[in-house]
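What follows is the residue order along each chain.
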Amino acid sequence: MRALLERGRADELALLARLRQADGPVGLAPAADQVWTWLAADEHRPLLRLWAEAYTRSLVEPDGPWAGFAKATVDDWLDVLAACQPPSERDAEDGVIRRTLTLAVLRGALLDLLATDEERRVTAAVQRQLALLRREEGDES
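Residues numbered from 1 in each chain as written. Predicted model: local features only at pLDDT ≥ 70, side-chain atom pairs only at ≥ 80, totals over all residues. Heavy atoms only, no water.

## What to know about the nonpolar core
Core analysis: the biggest nonpolar cluster contains 32 residues, and Val35, Trp36, Leu39, Leu48, Trp51, Leu106 and Leu110 have the highest contact counts within it. Breaking this core down by element, the ones donating at least two residues are α2 (28-40), α3 (45-60), α4 (69-84), α6 (93-116) and α7 (119-140). Those residues within four positions of Leu106 in sequence are excluded, and the remaining contacts are Ala32, Val35, Trp36 and Leu39. (Core = buried A, V, L, I, M, F, W, Y, C linked by side-chain atoms within 4.5 Å. Buried < 20%, exposed > 50% of the residue type's maximum accessible area, 1.4 Å probe, protein only. Helix = DSSP H or I, 4+ residues; strand = E, 2+ residues; numbered from the N terminus. Contact = heavy atoms within 4.5 Å.)

## Structural notes on the side chain of Asp76
Take Asp76: it is sitting in helix α4. Assessed through its relative accessible area of 18%, Asp76 is described here as buried.

## Some remarks on the side chain of Gln85
Examined against the element boundaries, Gln85 turns out to sit in the loop between α4 and α5 (87-90). We classify Gln85 as buried; its relative accessible area is 0%. Separated by 3.2 Å, the side chain of Gln85 and the backbone oxygen of Gly95 make a polar contact. Once residues within four sequence positions are removed from consideration, Gln85 is found in contact with Pro25, Leu28, Arg90, Gly95, Arg98 and Arg99. (Polar contact = N/O pair within 3.5 Å; in protein donor to acceptor, adjacent residues only side chain to side chain.)

## Thoughts on empty space enclosed by the protein
In this structure the tally under the stated criterion is 3 cavities of 30 Å³ or more. Within this model, the largest cavity holds a volume of roughly 150 Å³. Together, Glu12, Val35, Leu39, Leu48, Trp51, Thr73, Val74, Trp77, Leu103, Leu106, Arg107 and Leu110 line the largest cavity. When contributions to the lining of the largest cavity are tallied by element, the ones reaching two or more residues are α2, α3, α4 and α6. The biggest single contributor to the lining of the largest cavity is α6, with 4 residues. Partitioned by chemical class, the residues of the lining of the largest cavity number 9 nonpolar, 1 polar and 2 charged. (1 Å grid on protein atoms, 1.4 Å probe; cavity = no way out; pocket = protein on both sides within 12 Å on 5 of 7 lines; lining within 4 Å. Points joined across faces, edges and corners; volume = space filled by probe spheres on them. Nonpolar A, V, L, I, M, F, W, Y, C, P; charged D, E, K, R; others polar.)

If you want it as structure tokens, here you go:
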């Protein structure tokens, strides 16, 4: 199961690596938008349900076979999102807060989507949050 999760994780990280190869950092909102598109795709739901189970098991069985999985997932995603931020934002205390909020929105929306399969409603909520993030990014320019 860990190998399957690692494969899914590699696919997700490859998506974000493509974002890093742009001429410059793409910003949190565009990165989150592309991540959400990947997360919300029907074909990824079985793998993401497995991810959710592993994430939860890592929290309730901290010394078991899933030890450290949840923390490693958070650390990986925060690192990738940091790479999508311009250096001035990435290195600021607020940059950490913004990418933490972005990750929290994506993770919460994913769990809601997996529980309900209500893609339209959940995607609308994600898009609303990303619009706020874009507005905030524009205010800082």
